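Descriptive analysis of the structure
These are the residues of each chain, in order.
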Amino acid sequence: MTQINENYLKLKAGYLFPEIGRRVKAYSDANQNAKIIRLGIGDVTLPLAPTIVNAMVDAAKEMGSSQGFHGYGPEQGYSFLIQKIIAHDYTARGVQIAEDEVFVSDGSKCDCGNIQEIFSLDSKIAVVDPVYPVYVDTNVMAGRTGEVGSDGRYANIIYMPATEENNFEPDFPKEKPDIIYLCYPNNPTGMVATKARLTEWVNFAKKIGSIILYDSAYESFIQDPEIPKSIYEIPGAKEVAMEFRSFSKTAGFTGTRCAYLVIPKDLKGKTKGGEEISFNSLWNRRHTTKFNGVSYVTQKGAEAVFSTQGQVEIKEQISYYMQNAKLIREGLVKAGYTVFGGMNAPYIWLKTPNGLKSWEFFDKLLGTAQVVGTPGSGFGPAGEGYFRLSAFGKREDVISAIERIQKM
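What counts and what doesn't
- Within every chain, residues take consecutive numbers counted from 1 along the sequence as written.
- Local features are withheld for residues below a pLDDT of 70 in this predicted model, meaning they are given only at 70 or higher, and side-chain atom pairs are given and counted only at 80 or more; totals for whole chains, interfaces and linings count all residues.
- To get the side-chain values, all heavy atoms of the structure are used, and hydrogens and water are removed first.
- Only Phe, Tyr and Trp rings are paired, with Trp represented by its six-membered ring, and only when their centres lie within 6.5 Å; those with planes under 30 degrees apart are stacked, over 60 edge-to-face, the remainder tilted.
- We count a stretch as a helix when DSSP gives it H or I for four or more residues in a row; a strand needs E for two or more, and each element gets its number in order from the N terminus.
- Throughout this description, buried means an accessible area under 20% of the type-specific maximum (1.4 Å probe, protein chains only), exposed means over 50%, and partly exposed covers the range between.
- Note on geometry: a ring has a charge over it if NZ (lysine) or CZ (arginine) is within 6 Å of the ring centre and within 35 degrees of the ring normal.
- UniProt positions are given in the numbering used here, feature names are shortened, and annotations may be inferred rather than shown by experiment.
- As used here, the term nonpolar core means buried Ala, Val, Leu, Ile, Met, Phe, Trp, Tyr and Cys residues forming a set that is joined through side-chain atoms within 4.5 Å.
- Domain borders in the structure are assigned automatically or taken from a domain database.
- Note on contacts: a residue pair qualifies if any of its non-hydrogen atoms lie within 4.5 Å across the two residues.
- Given a helix with a known number of residues, its expected span is that number minus one, times 1.5 Å.
- This arc corresponds to the set of directions leading from the helix axis out to the C-beta atoms.
- Should DSSP find at least two bridges between two strands, the strands are regarded as paired.

Here we take up the packing of aromatic side chains. The tally for this structure, following the rule as stated, stands at 26 aromatic pairs. Aromatic pair Trp 349 and Tyr 386: ring centres 5.5 Å apart, planes at 10 degrees, arrangement stacked. Placement of Trp 349 in strand 12 (residues 347–351) and of Tyr 386 in strand 15 (residues 386–390) is noted, with a sequence separation of 37 residues between them. For the pair Trp 349 and Tyr 386, a shared accessibility class is recorded, and that class is buried. Joined through ring pairs, the aromatic side chains of Tyr 218, Phe 221, Tyr 320, Tyr 321, Tyr 347 and Phe 392 make up one cluster. Just above the ring of Tyr 320 sits the side chain of Arg 395; from NZ or CZ to the centre is 4.4 Å.

Structural data, given as structure tokens:
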């Protein structure tokens, strides 16, 4: 009989969000008249902006003509989109990025999960705890870790706790990692990294010879002009960091699927024999082998995000969600909760009351207020005793959810 990849058996019971879905379904089946408000998974609720829709409709019409039809496109992405990405997200910030350093994909979740393939299985990873589960689970699947311990941590992973005690700013690891996962604005805590702190991370990675995998999927929600939106705003970052970006939350592409990954050619690793190899070339080989590119129609929609009118429309949507975040944050504070995040990110991180465990609070919130959030322990052991709410709901649902929580 064919053998399985036993690394999958190391994974904990189930991926966080399907487990939430299972519990909500069980409650809904038993309480069919309950009006459940979902502020758990970070899925957007506003429709695609009109300028994006019009661009995609026009592109679809092109595809319906012999002159405008597009078959396989470049796996790395069409130049028309990459040029707009570079001009808007990098050149405008004084950062020089070349076209062949940008790779368009169908999602940052996919990129964050797939990127580990170009690193040695001997590479040791460091993650902030709590952490977006994909960073850990995909390395478990690949075989970089040992078994999960009774404390919920996997052997051979360096965990960097981010808690109220250190203001959710993890210390540098004492043990040397080969790969450091950072996410700012942070999912799940909603906290951000200052330019000074990011500079320290870049210098630390340079000093010890590590690579930073920088997930900035939520950069468009930063309200403070002093907070960097790209790690490449930090001098020297192109020598130590890859950056993951997404249209999912920025422009409502959670179902449309489009993102991009920046890998500077200056970013290099070594073979066992000591030869330096560009990670850019390795990813290009992987990307062109396993991926056929994002559809032409989708990339034309993504291009429209950078148009003058497109920017107006998506900034209105971001403002809508950030107003939701403000309502949630202020409503929870009024109800007596200790709250973090929600000021430069669409996530609100709250401390569970009365010493409740994260899943206990999940069940209480669902059973008492019919509101769904995300248990902090699902993001890692340091998330125990915390809970995440998302600002991506509809305004009326957000208002109703806070009113229900305040009555608990």
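The sites that UniProt annotates as "domain: Aminotransferase class I/classII large" (unreviewed entry) are residues 35–405. The span residues 35–405 is 35% helix and 16% strand, and its two end C-alpha atoms sit 14 Å from each other.

Time to look at the nonpolar core. Formed by 94 residues in total, the largest nonpolar core has its most connected members in Ile 85, Ile 212, Ile 231, Tyr 232, Phe 247, Ile 328 and Leu 332. When residues in this core are grouped by element, the largest group, seven residues, is from helix 9 (residues 308–334). In this structure, this core is formed jointly by two domains, domain 1 (11–47 + 310–406) and domain 2 (54–307), each of which donates at least three residues. What Ile 328 contacts, discounting residues up to four positions off in sequence, is Leu 39, Ile 348, Leu 389, Ser 390, Ala 391, Val 398 and Ile 402. Core analysis: the second largest hydrophobic core is formed by 28 residues, Phe 103, Ile 115, Tyr 132 and Tyr 154 among them.

The subject of this paragraph is helix 7 (residues 279–290). The α-helix winds at 3.6 residues per turn, so residues separated by three or four positions along the chain end up facing the same way. Its twelve residues place the ends of helix 7 16 Å apart at the C-alpha level, agreeing with the 16 Å of an ideal helix rising 1.5 Å per residue. Every buried residue of helix 7 is accounted for by Phe 279, Asn 280, Trp 283, Arg 286 and His 287. Within helix 7, the buried residues cover an arc of 130 degrees as seen down the axis, which keeps them to one side.

Next up on the list: helix 2 (residues 50–63). With 14 residues, helix 2 should cover 20 Å at 1.5 Å per step; its first-to-last C-alpha distance of 20 Å lies within 8% of that length. Where helix 2 is buried, its residues contact helix 8 (296–305) and helix 9.

Turning our eyes to something else, we now look at the environment of Met 242. The topology assignment puts Met 242 in strand 7 (residues 241–246). Judged by relative accessible area, Met 242 falls into the buried class, the value being 0%. Residues Met 242 and Ala 98, 144 residues apart in the sequence, show an inter-C-alpha distance of 14 Å. In this structure, Met 242 is in contact with Ile 115, Ile 118, Phe 119, Ile 212, Leu 213, Tyr 214, Tyr 232, Leu 261, Val 262, Ile 263, Leu 267 and Phe 279, ignoring residues within four places of it in sequence.

To continue, consider the sheet that holds strand 12. The antiparallel open sheet is built from four strands, whose spatial order is 11-12-15-14. Since the sheet does not close on itself, it has two edges, and those belong to strand 11 (339–341) and strand 14 (374–375), each with one partner. In this sheet, strand 12 lies alongside strand 11 in antiparallel orientation, the contact comprising three bridges. Within the sheet, the bridge partner assigned to Gly 341 lies in strand 12 and is Ile 348.

This part takes up the pairing of strand 2 (residues 102–105). Residues Val 102 and Val 104 point to one face of strand 2 and Phe 103 and Ser 105 to the other, with burial holding for every one of them. Bridging between strand 2 and strand 8 (residues 259–262) involves four bridges; their strand directions are antiparallel. Paired with Val 104 across the strands is Tyr 260, a residue of strand 8.

Looking now at the pairing of strand 15. Where a strand is regular, its side chains alternate between the two sheet faces. Most of strand 15 sits out of view: five of its five residues are buried. Of the two faces of strand 15, the one holding Tyr 386, Arg 388 and Ser 390 and the one holding Phe 387 and Leu 389 are both buried throughout. Summarising the sheet, strand 12 and strand 15 pair through five bridges and their orientation is antiparallel. Residue Tyr 347 lies in a different strand from strand 15, and its bridge partner there is Ser 390. Two strands pair when backbone bridges link them, and strand 14 and strand 15 are joined in this way by two bridges, in the antiparallel orientation. The partner of Pro 375 across the bridge, within strand 15, is Phe 387.

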